[in-house]
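A look at the structure
For reference, the chains in residue letters:
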Amino acid sequence: MIKLRVNGKPRMFRGAPFKRLLDVLREDFRLTGAKEGCGEGECGACTVLLDGEPVNACLIPVCQAAGRRVETVEALGTPEKLSKLQASFLERGGAQCGICTPGMLVAARAHLASGGRPDDASVREALAGNLCRCTGYQHIVESVLAAAKGAKKPAKAKRPRA
Amino acid sequence: MAAMASVGTSALRREGPEKLTGRALYLDDLDVPGAWHGVTVRAGVPRGRIKSVSFDPSFPWKECVVVTAKDIPGKNVVTLIEPDQPLLADGEVRHREEPILLIAHPDRAKAYEARSRVTVEYEPLPPVLSLEDSLSVKEKIFKDDNVFKSFLIEKGDLKGGFALADFVVEGEYRVPHQEQAYIENNAMAAWEKDGVLTVTGSLQCPYYVVKALKVLLGRDESKVRVIQTVTGGGFGGKEEYPSMIAGHAALLALKAKRPVKIVYDRHEDMAATTKRHPAVVRHRTGLTKDGRLVAQDVDVVMDGGAYATLSAVVLSRGTLHATGPYECPNVRVRARAVATNTPPNGAFRGFGAPQTLFAAELHWERISRALGLDALTLRRRNLYREGSVTATGQVLRESIGASECLDLVVKRSDYEKKRKDYDLWNADPAKPTWRGIGLSVCHHGAGFTGSGEVYLASRAAVALTRDGRILVLAASTEIGQGTNTIFAQMAADALGVPSDWVEVETPDTHKVPDSGPTVASRTTMVVGGLVRRAALELKAALDAEGGRVPKTRADLKKSAAALCGREPLRRFEVRYEKPPEIVWDEGTYRGDAYGVYSYAAFAADLEIDRATGEVRVRKATTAQDIGRAVNPRLAEGQIIGGCAQGLGWALLEEPVYKDGVMANAQLTNYVIPTSLDAPPFDVTIVERPYSRGPFGAKGVGELPMDVPAPAVAAAVRHATGRLIATIPQTPERILAALAGPEDA
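Cut-offs applied
Residues numbered from 1 in each chain as written. Chains lettered and ligands numbered in written order. Predicted model: local features only at pLDDT ≥ 70, side-chain atom pairs only at ≥ 80, totals over all residues. Heavy atoms only, no water. Helix = DSSP H or I, 4+ residues; strand = E, 2+ residues; numbered from the N terminus. Rg over C-alpha atoms; globule rule 2.2 N^0.38 Å. Buried < 20%, exposed > 50% of the residue type's maximum accessible area, 1.4 Å probe, protein only. Areas by Shrake-Rupley, 256 points an atom, 1.4 Å probe, with all protein chains shown as cover. Lys, Arg positive; Asp, Glu negative; His and termini not counted. Charge placed at Lys NZ, Arg CZ, Asp CG, Glu CD. Salt bridge = Lys/Arg side-chain N within 4 Å of Asp/Glu carboxyl O. Domains from an automatic or database assignment. Contact = heavy atoms within 4.5 Å. Buried area = accessible area lost by both parts, 1.4 Å probe. Polar contact = N/O pair within 3.5 Å; in protein donor to acceptor, adjacent residues only side chain to side chain. Pairing = 2+ DSSP bridges. 1 Å grid on protein atoms, 1.4 Å probe; cavity = no way out; pocket = protein on both sides within 12 Å on 5 of 7 lines; lining within 4 Å. Points joined across faces, edges and corners; volume = space filled by probe spheres on them. Nonpolar A, V, L, I, M, F, W, Y, C, P; charged D, E, K, R; others polar.

A few words on the overall build of chain B. Helix and strand counts for chain B come out as 20 helices and 27 strands. For 744 residues, the compact-globule estimate of 2.2 N^0.38 gives 27 Å, and the C-alpha radius of gyration of chain B, at 26 Å, lies within 12% of that figure. By its C-alpha atoms, chain B is 75 × 75 × 50 Å across when sized along the principal axes. Looking at chain B as a whole, 64% of its 744 residues qualify as buried. Counting only carbon and sulfur atoms, one obtains 51% of the accessible surface of chain B, whose full area is about 25700 Å². Between the centroid of the 94 positive side chains of chain B and the centroid of its 93 negative side chains there is a distance of 2 Å.

Given below as structure tokens:
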């Protein structure tokens, strides 16, 4: 049995320890926000935070998440109450087809929460592991930068452990 | 007081909150109780006759359902244009990824295992794997000449035109396949309930799927229902292939008597589904010494792959755009789409036009060198303007923003100064890079070609329910481009109500009429026009009922109750009507090929590392005349996103074919642009309204794809002095060109 915290709640997984974290989240915990785009760690659609660090959940066996904190897009906000970052994506066209969006949001959040610089080059660097085929990235970068500027205390978000 | 106009504002994406919170359910996210997993056994040889199919006896086959061509109750064909592509090969196999049989199993891993336990034996036949081999007809794989379709456009007197020419400039240009690379792979689920077969999934064209299923299953439309799920990108890649997967899922579900889900993985999606057609385009162009076009002779060949599928219409659009947006009195365009034993090529944003426009635009670089006139001046001398006559004899009457777009791009990119500055930079051997800036100008016809919209006879409706809901009913799919949002905006403005009063129904063929496919830059202009007209009919009914359009939701409820009486809703449906001034002759390819064209100009400003040949696009500047931006933010999203795909095609993306199949069918080695590859974009939306478009709107979806590749190639030439007449312009190609002589 594997114990982990998912979006702040303790969860248990009984099953093959090498089952992909992505499949455990999607199939066992019914958290389908993280998507499978390529299954080989290239597209970043499955990005989740493991102890605050962005990882490709398609490359992580669930046993590697034992005793650790996992955060998915579902932890960020709800349609009725979007987080600042989500609201910024909505206003600035950061989401089109939406399939890369959960991974993109999670990666952007990790960048800002860890004190990453809110400038164009740093944001592009932070999102370089997340492919988007719709936007050409400009509206995504603008969304992240606007959220960072609007947030007086970006450090308010939980900081990852060192 | 009427409600504030919504058209022209950047209303927020309708389904945005769901997409931003992980609540939007794509097919793979749906919990379909009791569903089995379907997999596809594919040919594995490019051409051959099936001798036998055997099943490993050590595998517990009784746990599975297996479907072969014999299980098809109707006709074994994926209905599209020509009835030539089978749903499951039965007899001859014509490409490596051709489906042979289907397996469903309750457990996904076991389904894949079962697939590996099937052996198909073939009598091999010699395959035709390249466009050149197909043209040489060493092997006949389609009729006598391997030609799926050919077109000829003639204007004026070509011979006479060349006789007037001071210069004749020739060039050959080549473009490769391109993979759509939507991030959501193809996925579909099917089940039967109460005699109705329902298919749901990721798709662009719900009624294409209905038409295919009717023929496959031998059922009428009331027994087949297609519902779009949230779709993670399409770009043309989900225009036709979903009909194939829907057929597969349907057959498995009928035989298994339970729901079946088919979700492709990335490798299968890339290897098996359609790509952009590769093409070879030859130009022979006559000009006077002051740079005026007097003769254009263009020859186009596209590789259609193993079945006709959409090749005829892709070729048609390519042919009709082959001259570029320039007026020439004497023109001939000859075009052919040929068969090869490779997976069929199909729709990809631009649909044949990016291929021929790459050639037409880059050819100005050759002409420029031959005439000693710069490519900007040459374009300005020949560009379409009011009153210009196209190669098909179409007189351009209105909404022609080509020159305005070009002027804006030249100014905003600082083109003329940078041409000079970069010449100095490049002449300095101490600089680590070469720099270049290149231009393109393209046109793109909105809506179906020629009489296409007349044959489609699309319908859309607006309904008012008794409890006061306003619904837009259309089969146009939201695939990321913003259909839901702009339909609500246009319906609201036609009605004179706030846009949040309007709901847009999910495309479900048992609820929405056939609005035609979500393709061809037609959703805003054509279907949006129908939505507007339907909304105006509802408005007229409300006016007649209450003397005015309701001002509050309570008012609306009262009016709705009065208007509906005992009915649950009143539905106002309209059908496409051809504007009388549009005249097209399919037989001679003369007349108004498109009701109107959108226009775009683009400047690629780039630098190349002198040691590695690596290209970095420093800035992309574009201006695009789309008639009217219904939603400027969404329109800009289309422009930047489409241009990024064009830059990918120009610099990075190349499906490598080996033995008739894509050898790099992975995102690891088929490289699309990342946030670090994409340049900053400077976008100007030009609005030259089209009198027949809703609120003046023309098409925007495909146009952005046309412009980047030729501008990049022109910029690389500026930087290196070498014209590389193909793409992608990879470091390898650039270094190889640099090893050769400078352009003569």
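With that out of the way, let us pick up the pattern of salt bridges. Residue and element names in this part refer to chain A. Under the definition given, this model contains 68 salt bridges over all chains. The residue Arg124 makes a salt bridge to Asp120 at a minimum N-O spacing of 3.0 Å. Taken together, the positions of Arg124 and Asp120, both in helix α4 (residues 120-126) and four residues apart, correspond to about one turn of that helix. Residue class for Arg124 comes out buried when judged on its relative accessible area of 7%. Overall, Asp120 belongs to the partly exposed group, its relative accessible area being 38%.

On to the domain arrangement of chain A. Residues and elements named next belong to chain A. Domain assignment breaks chain A into domain 1 (2-75) and domain 2 (84-156). Averaged C-alpha coordinates put domain 1 and domain 2 at centres separated by 21 Å. On the side of domain 2, 12 residues touch domain 1, which itself brings 14 residues to the contact. Between domain 1 and domain 2, roughly 970 Å² of surface is buried when both sides are summed, and carbon and sulfur atoms account for 65% of that area. Inspection of the domain 1/domain 2 interface yields one salt bridge.

On to the side chain of B:Arg13. Mapping B:Arg13 onto the fold places it in the segment before α1 (16-20). Within the local environment of B:Arg13, its side chain forms a polar contact with the side chain of B:Glu15, the two groups lying 2.8 Å apart. Among the polar contacts made by the side chain of B:Arg13, one reaches the main-chain carbonyl oxygen of B:Gly480 at a distance of 2.7 Å. When near neighbours in sequence (up to four residues on either side) are disregarded, B:Arg13 contacts A:Leu90, A:Ala95, A:Gln96, B:Lys19, B:Glu478, B:Gly480, B:Gln481, B:Gly482, B:Thr485 and B:Leu634.

All names here are of chain A. Because side chains alternate across strand β1 (residues 2-6), one face comprises the buried residues Ile2, Leu4 and Val6, and the other comprises Lys3 and Arg5, none of which is buried. The sheet contact formed by β1 and strand β2 (residues 9-13) spans five bridges and is antiparallel. Bridged to Lys3 within β2 is Met12. Turn length for the β1-β2 hairpin, with the two strands adjacent in sequence and antiparallel, is two residues, and the turn residue Asn7 shows positive phi of about 50 degrees.

As a further point, take empty space enclosed by the protein. Residue and element names in this part refer to chain B. Tallying each qualifying case throughout the model produces 10 cavities of 30 Å³ or more. One number sums up the size of the largest cavity: a volume of about 90 Å³. Val78, Thr79, Leu80, Glu82, Asp84, Gln85, Glu240, Tyr241, Ser243, Met244 and Thr309 are the residues that line the largest cavity. Of the residues that constitute the lining of the largest cavity, the class distribution is four nonpolar, four polar and three charged.

Here we come to the layout of surface pockets. Each pocket or cavity is described by its volume, and for the second largest pocket that value is around 890 Å³. Together, 33 residues line the second largest pocket, and A:Glu27, B:Asp28, B:His37, B:Arg108 and B:Val263 are the ones closest to its centre. At the level of secondary structure, the elements contributing two or more residues to the lining of the second largest pocket comprise α1 (21-28) of chain A together with β1 (36-42), α2 (108-116) and β12 (260-263) of chain B. In the lining of the second largest pocket, the residues fall into 12 nonpolar, five polar and 16 charged.

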